[in-house]
Amino acid sequence: MGKRIGLEVSLAISEAVKLARVDAVAAYPITPQTHIVEELAQMVADGDLDARYIMVESEHSAMSACCGTAAVGARTFTATASQGLALMHEMLFIASGLRLPIVMAIANRALSAPLSIWGDQSDVMAERDIGWVQMFAETGQEAFDLTLCCFKIAEDPRVLLPTIINIDGFTLSHVVEPLEMESQQDVDDWLPTYVPQVILDPAKPVTIGPVGFPEIYTEIRKQQDMALIESYGVVLEVWDSFEKKFGRAYKPVETYRAEDAEIIINLIGAIAGTARIAVDRMREEGKKVGLVRTRLWRPYPFEEMRKALGGAKAVAVVDRALSFGGPGGPIASELRSCLYPLENKPVVASFIAGLGGRDVSIEDFYTIVAETEKVLDTGYTDEYKMIGVRE
Amino acid sequence: MAEKSTDFIPRLLPPRELLAEGHRGCQGCGEALALRQVMKVAGPNTIVCSATGCMEIVTSPYPETAWRVPWIHVAFENAAAVASGVEAGIKILQKKGRYPEGKVNVIAIGGDGGTADIGLQALSGALERRHNFTYVCTDNEAYMNTGIQRSSATPWGASTTTSPSGKESIGQSVPKKNLPKIVAAHDIPYLATACPSYPLDLMNKTRKALEIEGPTYLHVLSPCPTGWRHAIDMAIEMGRLAVETGVFPLYEIVNGRLKLDMVMEKRQPVIDYLKPQGRFRHLKAEQIEEIQKDVDSYYEELVYRAECDAKAPGPQAEEW
Amino acid sequence: MADKRTWREYPVAATIHEPGSATGQNTGDWRSQRPVRHDEKCDKCGICWIFCPDAALFMNEEGFYEVDLYHCKGCGICARECGKEAIIMVEEGE
């Protein structure tokens, strides 16, 4: 049983990184991730975290330096958001292609232009194809717990993939939440020292990052894809062992009053808190509404999502990101693909809300459900609908 | 000390090739030779972090690798950032007892493009943070691997595929970026220019660069028969001409003090260097004269600076 | 020889575990002329060896530098740089 404290969620992530005994951090500051990296810098300066902290000159170099530290066997961490993540884009594919178990926290923030420092999910939704394990936290406890789990998952010899833990910028990163803080001893017991599979070592020279001709490129991609797909089992194993050790359970998909719901709201991240209140109120009013929050984003939890949502009449997907002129928000379009093989498919209505830090209110959820009922009645009128935009 | 080519005894060098035969470099490649000579000094306790470029492509086509030391390629612009990570990672892991003890040379390699252009930021950051590593820039004065496109290291008047000479163009219309000067502005303990035509000089400088604690830098002129359009047996001769015309002066900057390695009162005329190269074929007499003037004035500037630095107060540039 | 391994048979991330595996590549096939050494002129100085971009020369038991014909690309640097003109380039097929 951990010690119950109140802590800003960014700092909770730093605590988890410290407890994980990370060896190397290479990071560049960007709102709203700054508190994570500042706290880590202080921990190193105070001697509380025995790590090398590389104060790189850009996020691209942050991910590059992380590849360097991971390649010699160091447990490696970084954090970023928005423009920083976008700047790292090239490197993200390389980190997973080289199978380096780097853990990264992202404080999800809107992308320019116009410049926005406020939260939405457009930064990480632009990085769905990078081949990393990706998960989203809703609470400070989750942020802390999942960060610890990320190291265990990433470094598993069956996985060896870099891993992302996402938290909503400002709405989660900058709030103080109550959480159970675990002890160093308990974390040491559960998370052993990183044992790398292949490292740069003069005693055993290897060539990492060669040219892959067409004759082999497909096979290497397949190898990498299978590692991500099969990491699903490792994620479940790690969450299972986490529950046994620390008493908190995590599943790829979290459902709330969804079993008999006719309309289910599907979303990711901290706005689930507001959604739950809206669901409760609508239930009191006699509406059969439920909520499904996706926690594991990559590898995508196809079976769990089909099980949780397949029986509903309609799913109202709330995306905090948008693919302009495309098939709805990212969560919606992926859900549609997921549900496609089902004989009887629910209607999937795509809603875009909460862009650039705009609040998603209880009233917004009422609007979303009402719009979904309209779609059920009279069919689709739009590919997706933006909620709360002044027209 | 730059030497005449018969002043030392190559057969006393370690015979083991850490950059193995069988790589896919062009016939007569000056860059491959430069790295081969660097590796003779670096030895097996070395980790090489390479940028994308000629040397990366020709030495690592899966499943062939020409490297007999640990080697990593990540991307084009970040050799120095990767090397920063390797160096820092080894430091912390050795401290924690999770990496074998002993000195490991960390060498970052980049071409002129991967260093002076796209890689400049990462290089600057790594130098500023004072990582203990050596950056070797193999400068063949263009993006050779992708087809001889111009870089900021392409000399004025050179014809490349993106700065071709023509009726309206002299080729590269701006002067070569002075990368050693930029590196020197970071006040690192040691940097030097070198050329594989002077192997003893290059290897001595490599040794110094690797032994000195902190960031060090070697700028190695790497003649390229394919891109410079000279005969395939001429790379060494071209390097020699580059040095002896003053186009590529050999010098070291030790703790901020410049030391010229070959003070040539009389230099060969630059036309001797330009003539054998197809990339300069289009130059007219007055343009060659302009090049001669620039080379002369820069060389004289270096001579003057070296004299001043030799007399400046404070610790002298050490004799090695 | 085409590489027909399945995806499971490749090392993770296509990392190459055999240092110097490039030596299997017959780059000697590229050349159109090859260096021929004249022992009577050679003083075993090693200049040819230190100037070879392909490390395609090696010292034999007598101390002479022999050409590794499997790898020599025939660039001719050794012949040009030899201070004793002890190396002549001859056309392949002669």
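Refer to the preceding data block for the structure.
A short tour of the structure in this document, coming up. (Residues numbered from 1 in each chain as written. Chains lettered and ligands numbered in written order. Predicted model: local features only at pLDDT ≥ 70, side-chain atom pairs only at ≥ 80, totals over all residues.)

**Thoughts on helix 10 (residues 272-284) of chain A**
All names here are of chain A. Taking 1.5 Å per residue, 13 residues should reach 18 Å; helix 10 reaches 18 Å between its end C-alpha atoms and fits that length. Those residues of helix 10 that sit buried are Ala272, Ala275, Ala278, Val279 and Met282. Burial along helix 10 is one-sided: seen end-on, the buried residues are contained in an arc of 115°. Residues of helix 10 that are exposed and point more than 90 degrees away from the buried face comprise Ile277 and Glu284. Contacts made by the buried residues of helix 10 are with strand 10 (253-256), strand 11 (263-267), strand 12 (289-294) and helix 13 (362-378). Once helix 10 finishes, Gly286 follows within two positions and takes phi at roughly 95°, a positive value. (Helix = DSSP H or I, 4+ residues; strand = E, 2+ residues; numbered from the N terminus. Expected span 1.5 Å × (residues − 1). Buried ≥ 20, exposed ≤ 12 C-beta atoms within 10 Å, placed from the backbone. Arc of directions from axis to C-beta. Contact = placed C-beta atoms within 7 Å.)

**So, helix 3 (residues 59-71) of chain A**
Residue and element names in this part refer to chain A. For helix 3, built from 13 residues, the straight-helix expectation of 18 Å at 1.5 Å per residue is met to within 8% by its first-to-last C-alpha distance of 18 Å. In terms of burial, helix 3 is a largely internal element, 13 of the 13 residues being buried. Phi turns positive, to about 105°, at Gly73, one or two residues after helix 3.

**Brief notes about the interface of chain B and chain A**
Each partner contributes to the interface: chain B provides 41 residues, whereas chain A provides 39 residues. Sorting the residues of the side of chain B that touches chain A by element identifies strand 1 (46-50), strand 2 (71-73), helix 3 (79-95) and helix 5 (120-128) of chain B as the ones contributing at least two each. Ranked by residue count, the leading element in the side of chain B that touches chain A is helix 3 of chain B, at twelve residues. Its residues assigned to classes, the side of chain B that touches chain A comprises 25 nonpolar, twelve polar and four charged. Judged from the two bridges that link them, strand 9 (residues 207-208) of chain A and strand 2 of chain B form a sheet pairing that is parallel. (Nonpolar A, V, L, I, M, F, W, Y, C, P; charged D, E, K, R; others polar. Pairing = 2+ DSSP bridges.)

**Looking at the interface of chain C and chain A**
Interface size, as often reported, equals the accessible area lost upon joining of the parts. Residue-level contacts link twelve residues of chain C with 17 residues of chain A. Here the residues of the side of chain C that touches chain A sort into eight nonpolar, three polar and one charged.

**Notes on the sheet that holds strand 3 (residues 52-54) of chain A**
Residues and elements named next belong to chain A. With mixed pairing, the seven strands of this open sheet are ordered in space as 3-2-4-5-7-6-13. Looking at which strands have only one partner, the edges of the open sheet turn out to be strand 3 and strand 13 (296-298). In this sheet, adjacent strand axes meet at a mean angle of 20° when their direction is disregarded. (Axes fitted to C-alpha atoms, helices over the stretch in contact; angles between N-to-C directions.)

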